[in-house]
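# Results of the structural survey
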Amino acid sequence: MQFARINDVTIHYQVIGAPADRPVIVFINSLGTDFRIWRDVVVRLAGDFAILLYDKRGHGLSDVGQVPTSIEDHATDLAGLLDLLSVKNAVICGLSVGGLIALSLYQRRPDLVGALILSDTAHKIGTAESWNARIAAVEQNGIGSIVDTVMERWFTPAFRRPENTAYSGYCNMLTRQPVEGYIAACEAIRDADLTEAAKRIAVPTICIVGDQDGSTPPDLVLATAKLIPGARYEVIPDCAHIPCVEQPEALTAIIRAFLTSISPGDSSP
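What comes next is a walk through the structure. Numbering of residues begins from 1 in every chain and follows the order in which that chain's sequence is written. Where totals are concerned, whole chains, interfaces and linings use all residues; where local detail is concerned, this predicted model gives features only for residues with pLDDT of at least 70, and gives and counts side-chain atom pairs only at 80 or more. Side-chain descriptors were evaluated using all non-hydrogen atoms of the structure, hydrogens and water having been removed beforehand.

### Observations concerning the overall build of the chain
Comment: elements are numbered from the N terminus, with helices defined as DSSP H or I runs of at least four residues and strands as E runs of at least two. When you go through the chain residue by residue, the secondary structure sums to 11 helices and 8 strands. For a compact globule the rule gives 2.2 Å times the number of residues to the power 0.38, and the radius of gyration it is set against comes from C-alpha atoms. Relative to the globule expectation of 18 Å for 269 residues, the C-alpha radius of gyration of the chain, 17 Å, shows essentially globular dimensions. Viewed in the frame of its principal axes, the chain has a C-alpha envelope of about 50 × 40 × 35 Å. What sets the accessible areas is the Shrake-Rupley method with a 1.4 Å probe; for residues, cover comes only from the shown protein chains. Summed over its atoms, the accessible surface of the chain is roughly 10800 Å², and 50% of this surface lies on carbon and sulfur atoms.

This is the structure we're talking about:
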């Protein structure tokens, strides 16, 4: 395991190397998960690309840090980690809140971003009312009280079958996140509006969404893609909010095709 102290927060991360001429892909996980959600994509890309995974603050093995937390704080954490590792011009792949962090990173440090892969995310996610209701439920009854509702958005009915042991595992992942970190991330998403930032993106970008995504539906992701100059848009069939878990082969194929078409340059030191 690898850890770094960034902005007074201990960040858990993992680097998987590749030949020096290959670009670096940075994966940012979604709300209520840790970087293990990317495993089935990473095993398909390892060797062809250098890969950086990390647990954002308040999730996985990273510190919660001071609260409240903003999306800008998360972007500053990632910028600090990339600077520490001497990575520039990286491909930033963000899922859900990870997409907000990716947009904010580009807004603050465009030198670190060579391309954007925005998966199941949007320039603005949800409403203040919906986030406040979720925060109140977690404060009163814990993360376990919202598992069923969240899982209906994360995964299709086919994945949520009782006999699917992986489904039980992802329920465990959600409920075992630090409550304080989960609430802080909910507040950060609630308060984030990256609409203007999306309009100013000037690197190759693709927006991807599962056709049954209940958190950031296809119409919302398409609206985000239309804000970004020249952005591409792809829909993954038979998939909800977490394609790296539910449809990793399809997501990997889209990532490979996108990166091949733009031929990103060396982003290693």
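Don't stop here, the text continues.
### Thoughts on unusual backbone geometry
Following Val67, the chain continues to Pro68 via a peptide bond in cis, the omega torsion being 0°. For Asn7, which is not glycine, the phi dihedral falls at a positive 50°. With respect to the secondary-structure elements, Asn7 resides in the loop between strand 1 (2-6) and strand 2 (9-16). Residues other than glycine seldom take positive phi values, yet Ser86 does so here, at roughly 60°. Mapped onto the fold, Ser86 is located in the loop between helix 2 (71-84) and strand 5 (90-95). Among the residues examined, Ser86 registers a relative accessible area of 44% and is labelled partly exposed. With a 1.4 Å probe rolled over the protein chains alone, any residue whose accessible area is under 20% of its type maximum counts as buried; one over 50% counts as exposed, and the rest are partly exposed.

### A short note on the sheet that holds strand 2
Pairing between two strands is assigned when DSSP locates at least 2 bridges connecting them. Pairing is mixed in the open sheet, where 8 strands are placed in the order 1-2-4-3-5-6-7-8. Among the strands making up the open sheet, the edge pair consists of strand 1 and strand 8 (232-236). Strand after strand, the sheet turns through a mean of 25° between neighbouring axes, direction not considered. Summarising the sheet, strand 7 (residues 205-210) and strand 8 pair through 5 bridges and their orientation is parallel. By the bridge assignment, Val209 is partnered in strand 8 with Val235. Any two residues whose heavy atoms approach within 4.5 Å are treated as being in contact. For helices, the fitted axis covers only the stretch in contact; all axes are lines through C-alpha atoms, and the angles between them, taken along N-to-C directions, range from 0 to 180 degrees. Against the sheet, helix 2 makes contact with strand 1, strand 2, strand 3 (24-28), strand 4 (50-54) and strand 5, and its axis sits at roughly 115° relative to strand 1, the strand it touches most.

### Description of the pairing of strand 1
For strand 1 and strand 2, the ladder comprises 5 bridges, and the chain directions are antiparallel. Residue Ala4 lies in a different strand from strand 2, and its bridge partner there is Ile11. Connecting the antiparallel pair strand 1 and strand 2 is a turn made up of 2 residues, with Asn7 showing a positive phi of about 50°.

### Thoughts on the packing of aromatic side chains
Ring geometry is summarised as follows: Phe, Tyr and Trp rings, the Trp one being its six-membered ring, pair when their centres sit within 6.5 Å, and such pairs are stacked at plane angles under 30 degrees, edge-to-face over 60 and tilted between the two. Taken as a whole and judged by the stated rule, the model has 5 aromatic pairs. For the pair Phe27 and Trp38, a centre-to-centre distance of 4.7 Å together with 40° between the ring planes defines the contact as tilted. Taken together, the residues span a long stretch of sequence, with Phe27 in strand 3 and Trp38 in the loop between strand 3 and helix 1 (39-45) at a distance of 11 residues. The class for Phe27 is buried, based on a relative accessible area of 0%. With a centroid separation of 4.3 Å and an interplanar angle of 25°, the aromatic rings of Phe155 and Phe159 are classed as stacked. According to the relative accessible area criterion, Phe155 is buried, its value standing at 1%.

### Looking at helix 7 (residues 179-191)
Here a helix's expected span is defined as the number of its residues, less one, multiplied by 1.5 Å. Over its 13 residues, helix 7 extends 19 Å from the first C-alpha to the last, a length consistent with the 18 Å expected when each residue adds 1.5 Å. Taken together, the buried positions of helix 7 are Gly181, Tyr182, Ile183, Ala184, Ala185, Cys186, Glu187, Ala188 and Ile189. On the buried face of helix 7, the contacting elements are helix 2, helix 3 (97-108), helix 4 (128-141), helix 5 (147-154) and helix 6 (165-175).

### Overview of the pattern of salt bridges
By salt bridge we mean one thing: a side-chain nitrogen of Lys or Arg within 4 Å of a carboxyl oxygen of Asp or Glu. Applying the stated criterion to the full structure yields 13 salt bridges. For Arg39, the salt bridge identified is with Asp40, shortest N-O distance 2.7 Å. Here Arg161 and Glu163 are joined by a salt bridge, their closest N and O atoms 3.1 Å apart. Shared partners join several salt bridges into a network, and the residues in it are Asp83, Lys88, Arg109 and Asp111.

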